[in-house]
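# Working through the structure, step by step
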Amino acid sequence: MFEILVKKSINPTVSLMEIYAPAVAKKAEPGQFIILRVDENGERIPLTIADFDRDKQTVTIIYQIVGSTTKKLDALSVGDSLQDFVGPLGKPTDTEGKKHVAIVGGGVGCAIAYPVAKKLFSLGCEVDAIIGFRSDDLVILKDEFESVSNKLVLMTDDGSAGEKGLVTDALKKLIESGAKYDEVITIGPLIMMKFVCKLTKEYGIRTVASMNPIMIDGTGMCGGCRLTVGGKIRFACVDGPEFDGHEIDFDEAIARSSTYRDFERHRYEDTCNLLNKAEL
Amino acid sequence: MADMSPKKHAMPSQEPRVRNKNFDEVALGYTAEIAKAEAARCLNCKNPLCVSGCPVNIDIPGFISRVAEGDFEGAYSVISASSSLPAVCGRVCPQESQCEGKCVRGIRHESVAIGRLERFVADYHNANSTEKPQKPTLNGHKVAIVGSGPSGLTCAGDLAKLGYSVTVFEALHVPGGVLVYGIPEFRLPKSIVAKEIDGLRELGVEIATNTVIGRTVSIDELMDEEGFEAVFIGSGAGLPRFMNIPGENLKGVYSANEYLTRVNLMKAYREDSDTPIMKSKSVTVVGGGNVAMDAARSALRLGADEVSIVYRRSLDELPARKEEVEHALEEGIKFRILTNPIEILGDEKGFVRGMKCIEMELGEPDERGRRRPVEKPDSEFAFDCDTVIMSIGTSPNPLIKQTTSGLDTEKWGGIIADENGRTSRKGVFAGGDAVTGAATVILAMGAGKTAAKAIDNYIKGI
């Protein structure tokens, strides 16, 4: 069993947990994810690895309460254990040999963007982090990003924290002001990544997007996580989760991500009214 | 004198109209009386062809003669000398093309019901035997098995009996591989698989679930750091194929693996499961193998009003077991044969609304002797459906190939192994679907057995 050693609420709908998982902690790298089951009847859900500590043998996950499983997960406390916790899955982010990278994170996607920024920064790469949220009360990991970036731009939709506007506005401004990026890495809502990739394509900057589609096994068996990349079917779990952002069919990915929305909503509304507040 | 009645004793089964609404096992199994009567149909041939048709060479007349005498435990001993999963094989082997296909009784009439008798014997033993297997004395050597499907479990069992410390690594949260995620409850109850696995644990086999070889730990690390002297790769062929036709990524298009995994492994058919599955009204399954039959029959049980199978050849070429096709027909599944999909049609919200197909006709035989289907010009037509399940085959999973040094593979992904399961990497053996591509449970078991012998020889330095 996989014990919860730390649990913190980091905004009204997002929490962090440190899980005791020696085998995963030993091999985890930025950009990878895990699959967990809360209990015996639980579904398998993929969550990205937000951090790991090889000495403490822990893996940090950050999740947003969006459905019945994340709600069940959030009902657990320190000392409780998860039924299953498997990983690290997917290919790690390629962090070698980069000089200047912009990391563009949105909402809870910042949870994956953070370890990537941390690794790049530790390797001596110049890191510009642009993180975006709806409003001040939803901001996560600001201090953490501060410590692993050369420049941090915080954006909110309503201007209640940082600058008012979208992450693409901030990225465009940095590029226009002369920043020369080897690569842009974007992680967040599909619609945000779609527009980040559209922008960087105009400037001809290589861009990597981290995808988080519906998934069951996470080992290449179900094909539920398939995406069209460069006109070909690719599986996010074994071929990704990162792909060339200029090749991804985002519109198809956006459509597929809503396959079970009605099912999720029914399950969720049965148990909780928090949905109205959650950032979907 | 053998009973010369021309037909097999019928298998007591749930009524088609009852069973197509539940997930309980379809076939109920022979009673002791029926089993003895069926066993009396065996001619006990001096040169039994049935044995040569069995991939693990079970002494078939030997066990059947004991059934005829009412010595069911004796019959079990005969079977278990050659097969480690008789309760599974009695249910899922394609007997008509193996043992029963060779039975001399089958030349003029129906063969002896070897599969049904095997199942009876295994179920009798599981229900009545209290005997625990003796834990063998350990010989001090460690072997790792990758994957807990039929080949891995067989290899693990054989090695444990020889005294090896065996650890089976499984990526999913329950062991059993395709027996658990792929084959539905109504064809192979999961309690039977669990029982077989408990038996292995009693032999001392350790099973490490939630461990993805190639990610959580690599084969190189198992051998270099964790002290395993040999590794058997039985990781199966789990990577689903698609047709690459327009509309295949619409909402409501599943691979058979995804659909069956949601139903079998994740129990999406039960109210208390958190795993969602579409509430479909009209389901189209593409393909003609056992997996296609399983997906179609599962869809019916989940409440679909209409389920059809689209297959590009004719009924005679269906690769599925005969019994599965018969069961599917009885349960009300429609077959659209000589039909090939060319496009999946979607609605404005991106959900499946239908399928466009083209009619086929059979042309010249291909290299395997099956007549090749060719498109009939100008014969396109469309029909409505809200769910499509693609069941056109699987390829070996690429993870192990990508993460193991010195392991040669075929272009299509299969691991290259010789007739004893030896791969290009010293100490690494492989078998089952990971080597052959998608095949049967019994062939995978046979490969696991062969590899166990080869591993024993390798470690002993023979």
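Computed from a prediction, not measured in an experiment: that's the story for all the values here.

When helices and strands are counted, chain B shows 19 helices and 16 strands. Compactness check: chain B gives a C-alpha radius of gyration of 23 Å against a globular reference of 23 Å for 462 residues, within 12% of the reference. Projecting the C-alpha coordinates of chain B onto the three principal axes gives extents of approximately 65 × 60 × 50 Å. Taken across its 462 residues, chain B has 59% of its residues classed as buried.

So, about the sheet that holds strand 8 (residues 100–106) of chain A. Residues and elements named next belong to chain A. Pairing is mixed in the open sheet, where seven strands are placed in the order 11-10-9-8-12-13-16. Edge positions in the sheet fall to strand 11 (163–164) and strand 16 (242–244), since each has one partner strand and no second. Two strands pair when backbone bridges link them, and strand 8 and strand 12 (residues 183–187) are joined in this way by five bridges, in the parallel orientation. By the bridge assignment, Ile103 is partnered in strand 12 with Ile185. Contacts from helix 3 (residues 110–122) reach strand 8, strand 9 (126–133), strand 12 and strand 13 (207–210) within the one sheet, and its direction differs from that of strand 8 by about 165°. Sheet strands touched by helix 6 (residues 190–203): strand 8, strand 12 and strand 13. Its angle to strand 12, the strand with the most contacts, is close to 165°.

Take the domain arrangement of chain B next. Residues and elements named next belong to chain B. On domain assignment, one finds that chain B holds domain 1 (16–128), domain 2 (142–238 + 394–460) and domain 3 (242–390). Distance between the C-alpha centres of domain 2 and domain 3: 30 Å. Contact with domain 2, which involves 14 residues of that partner, is made by 15 residues of domain 3. In this assembly, domain 2 packs against domain 3 so that about 1,100 Å² is buried in total across both faces, 55% of it on carbon and sulfur atoms. The three residues of domain 2 that bury the most area against domain 3 are Tyr181, Phe186 and Arg187, which together make up 51% of that side's buried surface. Linking Asp294 and Arg187 is a salt bridge whose minimum nitrogen-to-oxygen distance equals 2.8 Å. Taken together, the residues that form the side of domain 2 that touches domain 3 break down as seven nonpolar, four polar and three charged.

All names here are of chain B. Relative to each other, helix 4 (residues 60–69) and helix 5 (residues 72–80) sit at 170°, their axes nearing to 7 Å. Considering their axes alone, helix 4 and helix 5 lie roughly antiparallel with respect to each other. Between helix 4, through Gly62, Phe63, Arg66 and Val67, and helix 5, the contact on the second element is made entirely by Phe72, Gly74, Ala75, Val78 and Ile79. Of the residues belonging to the contact of helix 4 with helix 5, the class tally is six nonpolar, two polar and one charged.

We now examine the confidence of the model for chain B. A residue-level look at chain B finds 100% of positions with pLDDT of 70 or above and a mean pLDDT of 93. The ipTM value of the predicted complex is 0.87, and its pTM value is 0.90.

About the criteria used
- Residues numbered from 1 in each chain as written.
- Chains lettered and ligands numbered in written order.
- Predicted model: local features only at pLDDT ≥ 70, side-chain atom pairs only at ≥ 80, totals over all residues.
- Heavy atoms only, no water.
- Helix = DSSP H or I, 4+ residues; strand = E, 2+ residues; numbered from the N terminus.
- Rg over C-alpha atoms; globule rule 2.2 N^0.38 Å.
- Buried < 20%, exposed > 50% of the residue type's maximum accessible area, 1.4 Å probe, protein only.
- Pairing = 2+ DSSP bridges.
- Contact = heavy atoms within 4.5 Å.
- Axes fitted to C-alpha atoms, helices over the stretch in contact; angles between N-to-C directions.
- Domains from an automatic or database assignment.
- Buried area = accessible area lost by both parts, 1.4 Å probe.
- Salt bridge = Lys/Arg side-chain N within 4 Å of Asp/Glu carboxyl O.
- Nonpolar A, V, L, I, M, F, W, Y, C, P; charged D, E, K, R; others polar.
- Parallel < 35°, antiparallel > 145°, perpendicular 65-115°, else oblique.
- pLDDT = per-residue confidence, 0-100.

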